[in-house]
Amino acid sequence: MIWLGIDTANAPLSVAVVKDGILVAEITQNNKLTHSVGAMPAVEEALTRAKLVVKDIDAIAVSAGPGSYTGVRIGVTIAKTLAWSLQKPLVSVSSLQALAYNVPYFTGVICTMIDARRQHVYSGAYQGEEVVIEDGHYAVIDLLPKLRDLGVPVLFVGRDVTMYWTIIEEIMGDAAIRAPFTVDLPRASEVIRLAMTKPQDTTVHTVTPTYRRIAEAEANWLKEQKSNGN
C-alpha cells in the first residue's frame, strides 16, 4: 500500500511517501518559502524520488491542524483535491500529535507546542496513545501549571518551545525536559504512521481543518458586534 503524507500546518513543510510500511521518500524543509508555492512541487518531488506517479497513491494522510490558518487550509485542500480526483481514502490527524510521534520510545508525557503569538500556543500532551491534555489554544501561563500538576517529567517538543523555554523552566523546574532539535520539526512520515492507526474508511467530505480557535478577523468582528450591543 502506498501512502502520501502532507504536513503544511505550520511554517515547516513536510511531504513523505511510504510504500508497504517502508519510508521511500521524505522532504522536510524549514524556511520562509510559502506553502502555496512549495507544497505541490514537494509532493511531485517526493513521488519522483520514490519512482512513482500520482495514480499509484492508495491513501493520503494530512495534518489538519491546529496551526497556521493558511498552512492548514493549503495542506487540507491539496490532500482533499488529490483524494477526490483519485477516489482514494483520506485520513486527517492532529498536527500536534503527529509531532509527538517524532519521539516513539519516550514512555513519559510529551507536550508539543506551536507558537500562536501573544504568549499563546497550540499545544497538547500525550502519553503513548493516551491524550493527557487535549489539543487546544492555550495561554502559556495557564498551560504550564496544568503540566506541572501532572507530577511527572514532561518532554517538550517543537521548534517554538525555545521561545518559551525560560518560563517553562521557571514554572516546571526539573520536571521540564527539552527534546533535541532533531525531533522539533514535523515529519510527514509520522503523519502517515499516525494515520495508519485510524480508520481508513473516511471520505473527502468528512475531513475539515482543525483550528482550535476562531480567526483574528472573526474575533474582531464579534468584539465589534458586542460593543454595538448586537
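So, how was this worked out
- Residues numbered from 1 in each chain as written.
- Predicted model: local features only at pLDDT ≥ 70, side-chain atom pairs only at ≥ 80, totals over all residues.
- Heavy atoms only, no water.
- Helix = DSSP H or I, 4+ residues; strand = E, 2+ residues; numbered from the N terminus.
- Rg over C-alpha atoms; globule rule 2.2 N^0.38 Å.
- Buried < 20%, exposed > 50% of the residue type's maximum accessible area, 1.4 Å probe, protein only.
- Areas by Shrake-Rupley, 256 points an atom, 1.4 Å probe, with all protein chains shown as cover.
- Phe/Tyr/Trp six-rings, centres within 6.5 Å; stacked < 30°, edge-to-face > 60°.
- Pairing = 2+ DSSP bridges.
- Axes fitted to C-alpha atoms, helices over the stretch in contact; angles between N-to-C directions.
- Contact = heavy atoms within 4.5 Å.

**Re the overall build of the protein**
So, point 1. Secondary structure assignment for the protein yields seven helices and 10 strands.
So, point 2. Here the C-alpha radius of gyration of the protein, 18 Å, is about what a compact globule of 230 residues would show, namely 17 Å.
So, point 3. By principal-axis analysis of the C-alpha atoms, the protein measures approximately 50 × 50 × 35 Å.
So, point 4. Every one of the 230 residues in the protein was classed for burial, and the buried ones make up 49%.
So, point 5. Carbon together with sulfur atoms contributes 54% to the accessible area of the protein, which is approximately 11500 Å² in total.

**So, the packing of aromatic side chains**
So, point 1. Per the counting criterion, the structure on display carries two aromatic pairs.
So, point 2. Judged by centre distance (6.0 Å) and plane angle (80 degrees), the rings of F156 and W165 are edge-to-face. By the burial criterion, F156 is buried, and W165 matches it.

**Overview of the sheet that holds strand β5 (residues 90–93)**
Paired through their backbone hydrogen bonds, the strands of a sheet run either parallel or antiparallel.
So, point 1. On the basis of which strands lie adjacent, the open sheet formed by five strands has the order β3-β2-β1-β4-β5 and mixed pairing. Looking at the sheet topology across the chains shown, the edges are occupied by β3 (22–29) and β5. Each adjacent strand pair in this sheet contributes to an overall mean axis angle of 15 degrees, direction not counted.
So, point 2. Sheet analysis places strand β1 (residues 2–7) next to strand β2 (residues 13–19), joined by six bridges and oriented antiparallel. Looking across to β2, one finds that I6 is bridged to V15.
So, point 3. Packed on one face of the sheet, helix α1 (residues 35–49) meets β1, β2 and β3 and runs near 25 degrees to β2.

**A closer look at the sheet that holds strand β10 (residues 176–178)**
So, point 1. The sheet built from five strands is open, its strands ordered β8-β7-β6-β9-β10 with mixed pairing. Single-partner strands in this sheet number two, and they are β8 (130–139) and β10. With strand direction ignored, the average angle separating the axes of adjacent strands in the sheet is 25 degrees.
So, point 2. Two elements, strand β6 (residues 109–115) and strand β9 (residues 154–157), share four bridges in a ladder whose sense is parallel. Across the sheet, C111 pairs through a bridge with F156, a residue of β9.

**Describing helix α6 (residues 188–195)**
So, point 1. For α6, a buried count of seven out of eight residues is recorded, marking the element as mostly surrounded by other parts of the structure.
So, point 2. Of the positions making up α6, those classed as buried are A188, S189, E190, V191, I192, L194 and A195.
So, point 3. Buried residues in α6 make contact with β1, β2, β3, β4 (59–63), β5 and α3 (95–100).

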